[in-house]
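Residue-level structural notes
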Amino acid sequence: MPPHSDLPPTVLVIFGGAGDLTRRKLVPALFNLFLDGRLPGPFTVLGVDRTALADNAFRGQLREGVEQFSRRGKPADADWNNFAGHLGYLQADLTAAKSYADLAERLRASAPQPGAPADHVFYLAVAPALIAVVADHLRQAGLVQDRARARLVVEKPFGHDLRSAQSLNADLLARLDESQIYRIDHYLGKETVQNILAFRFANSLFEPIWNRRYIDQVQITVAEAVGVGHRAGYYEKAGALRDMIQNHLLQVLCCIAMEPPVSFAADEVRSKKTDVLRAIRPIPSDQVAACAVRGQYGPGQEDGQAVPGYRQEPGVRPDSPTETYVALKLLVDNWRWQDVPFYLRTGKRLATRVSQVSIQFFPVPHRSFPPEAVRAWPSNRLLIGIQPREEILLRFQAKEPGPDLCLGPVYMHFSYEESFRKPTPEAYETLLLDVLRGDATLFMRADQVEAAWSVVEPVLEGWARQAPADFPNYAAGSWGPQAADELLARDRRRWQMPAAAGGETASTYYPGKKEHHG
Ligand SMILES: NC(=O)c1ccc[n+]([C@@H]2O[C@H](COP(=O)([O-])OP(=O)(O)OC[C@H]3O[C@@H](n4cnc5c(N)ncnc54)[C@H](OP(=O)(O)O)[C@@H]3O)[C@@H](O)[C@H]2O)c1
């Protein structure tokens, strides 16, 4: 039996326990936490869903999920059996009051440590329409009154626009205290995103130059190679702006742009991030086309295979106006960032899967070296690889060895894998453990989520007013629509092409050189 943490006895109730998220993400993450001895000693996971399932069938379904999706692969029988003993299932209709009486009874009957009070974490792995419904029933059943012990975890998407997010916040806050609500943005659980704050605030080197005097531009890319897959039902109503920019990319931007927090207390960090969102210059309604580009993939190739366009995917309307690509230029109106553009782009069916932040510094103010001594003189650049490469790469000029003066760019490289030689936990492992600990630092506060919606609202409205005329406007397997290149070209800039997709590597300047950053 693995060791366990000294967290209090806990019951984790997963609404939507028979669903995809539970099988694919939540239970593999819980199982890994169990193996690492991070779960509370006495703990119970109770899946609640409308499907009729015996406890054993439920466990079997979850084991298959772990075998398929856990970073550790197939579990050993003994480990799984130990873990499975903590799993139970309750069939219930989440819209019926009686279900919550049943749940309360089950919680009483299956307390992980009889006689000791347990923390109750209610995880909403269900469609957004059920969030307020479940919260209301939990309140009426008296299951969330204990502010210190009852928590509610809410998945993305949180709202469909600013108004619906405000309304959902109002519904939740009428029933629970803000301190009990954990709004997930799984990007914040990624090690590489958390490390941005360590990189900036645990080193004295970077913070003095982390501002408009030294930084020319910031680019944030989250590119997916996959298409919409089986998610058209959701995606047709969402699109890339809602699905990716409003949450993940804006949260990465906040990590890059926030002021140093006074402490790492949850509200201090979240306030500093919210300040960034509030400082983003609102996009005027007549400037949407100048600041935002939307795209939709047409047929193309992925890994040498022909793939259909978005409108040919199952469940997608043949004339769908849904965007699968967004590029956005944002400005942050404060002393640190005035006039520094933040370019964000994300899309499906792009040339490769990569998430990275590129921080481009200004060129040197004076070039004292003779032009013939310089092979190339690109500005300093810091590249933060979020996935799949977890790395930080700093480009700077160096003198090549030899009697002649010859300068060119070289790279300083930090890789998680090489430096730490231990596996990186999945984002859901980090986030679930934080919920169990009651640490809300990595979760979105009500005002934070609303501020993020405010940033994208003018674009949502502008696009809703005018249907796209040129969809599909990029081929699957490309880097997106030409208009996205033009967005930067107007500022005399170009997208930083990820190295994996034929972008810059050391061999760009030193032909034949083998490059660790491939
Ligand atoms: N799947 C992912 O990887 C992922 C990633 C990020 C966020 N999310 C979010 O997580 C949430 C859940 O997603 P999911 O993909 O897991 O959805 P899902 O597979 O449809 O799971 C939801 C479960 O809730 C059940 N359910 C629906 N109405 C119910 C009711 N009235 N009473 C009891 N059970 C009910 C569904 O049963 P039926 O099947 O019978 O309808 C289903 O088993 C969504 O908000 C989604 O946006 C999912």
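Conventions used here
Residues numbered from 1 in each chain as written. Predicted model: local features only at pLDDT ≥ 70, side-chain atom pairs only at ≥ 80, totals over all residues. Heavy atoms only, no water. Pairing = 2+ DSSP bridges. Helix = DSSP H or I, 4+ residues; strand = E, 2+ residues; numbered from the N terminus. Axes fitted to C-alpha atoms, helices over the stretch in contact; angles between N-to-C directions. Contact = heavy atoms within 4.5 Å. Near = heavy atom within 4 Å. Polar contact = N/O pair within 3.5 Å; in protein donor to acceptor, adjacent residues only side chain to side chain. Areas by Shrake-Rupley, 256 points an atom, 1.4 Å probe, with all protein chains shown as cover. pLDDT = per-residue confidence, 0-100. 1 Å grid on protein atoms, 1.4 Å probe; cavity = no way out; pocket = protein on both sides within 12 Å on 5 of 7 lines; lining within 4 Å. Points joined across faces, edges and corners; volume = space filled by probe spheres on them. Nonpolar A, V, L, I, M, F, W, Y, C, P; charged D, E, K, R; others polar. Buried < 20%, exposed > 50% of the residue type's maximum accessible area, 1.4 Å probe, protein only.

**Some points on the sheet that holds strand E6 (residues 181–183)**
Spatially, the six strands line up as an open sheet ordered E3-E2-E1-E4-E5-E6, and their pairing is parallel. With partners counted over all chains shown, the strands left at the sheet margins are strand E3 (87–91) and E6, one partner each. Here the strands of the sheet are splayed against their neighbours by 20 degrees on average, with no regard to which way each runs. Here five bridges tie strand E2 (residues 43–49) to E3, and the two strands are oriented parallel to one another. Pairing of Asp49 across the sheet is with Gln91, part of E3. Of the strands in this sheet, E2 and E3 are in contact with helix H2 (residues 55–69), which crosses E3 at around 115 degrees.

**Brief notes about the side chain of Asp434**
Here Asp434 shows up in helix H12 (residues 427–437). What Asp434 contacts, discounting residues up to four positions off in sequence, is Asp439, Leu442 and Phe443.

**Side note on the site of the ligand**
Close to the ligand lie 19 residues, the nearest being Asp20, Leu21, Asp49, Arg50 and Leu94. Within the side chain of Asp20, one N or O atom sits 2.8 Å away from a nitrogen atom of the ligand. Within the side chain of Arg50, an N or O atom sits 2.7 Å from an oxygen atom of the ligand. Coverage of the ligand by the protein chains reaches 71% of its 890 Å² of free accessible surface. When residues of the shell around the ligand are assigned to their parent elements, the largest contribution, three residues, is made by helix H1 (residues 20–35).

**Thoughts on the confidence of the model for the protein chain**
Per-chain confidence: the protein chain averages 93 in pLDDT, with 96% of residues scoring 70 or above. Taken as a whole, residues 514–518 scores under 50 in pLDDT and shows 16 contacts with residues more than four places along the chain or in a different chain.

**Concerning empty space enclosed by the protein**
For the coordinates displayed, the defined rule picks out two cavities of 30 Å³ or more. Here the largest cavity is characterised by a volume of approximately 100 Å³. Surrounding the largest cavity, Val154, Glu155, Lys156, Phe158, Arg183, Ile184, Asp185, Gln246, Asn247, His248, Met444 and Val449 form its lining. Looking at which element gives the most residues to the lining of the largest cavity, the answer is helix H8 (residues 232–257), with three residues. Partitioning the lining of the largest cavity into residue classes produces five nonpolar, three polar and four charged. Volume-wise, the second largest cavity comes out at about 50 Å³. Around the second largest cavity, the lining residues are Thr10, Val11, Leu12, Leu30, Leu39, Pro40, Phe43, Thr44, Val45 and Leu436. Of all elements in the fold, only strand E1 (10–15) and E2 reach the threshold of two or more residues within the lining of the second largest cavity.

**Remarks on the environment of Leu487**
Looking at the secondary structure, you find Leu487 in helix H14 (residues 482–489). Of the residues examined, Leu487 reaches a relative accessible area of 1% and is grouped as buried. Non-local contacts of Leu487, meaning those with residues more than four positions away in its chain, are made with Ala290, Cys291, Ala292, Val293, Ala327, Leu328 and Lys329.

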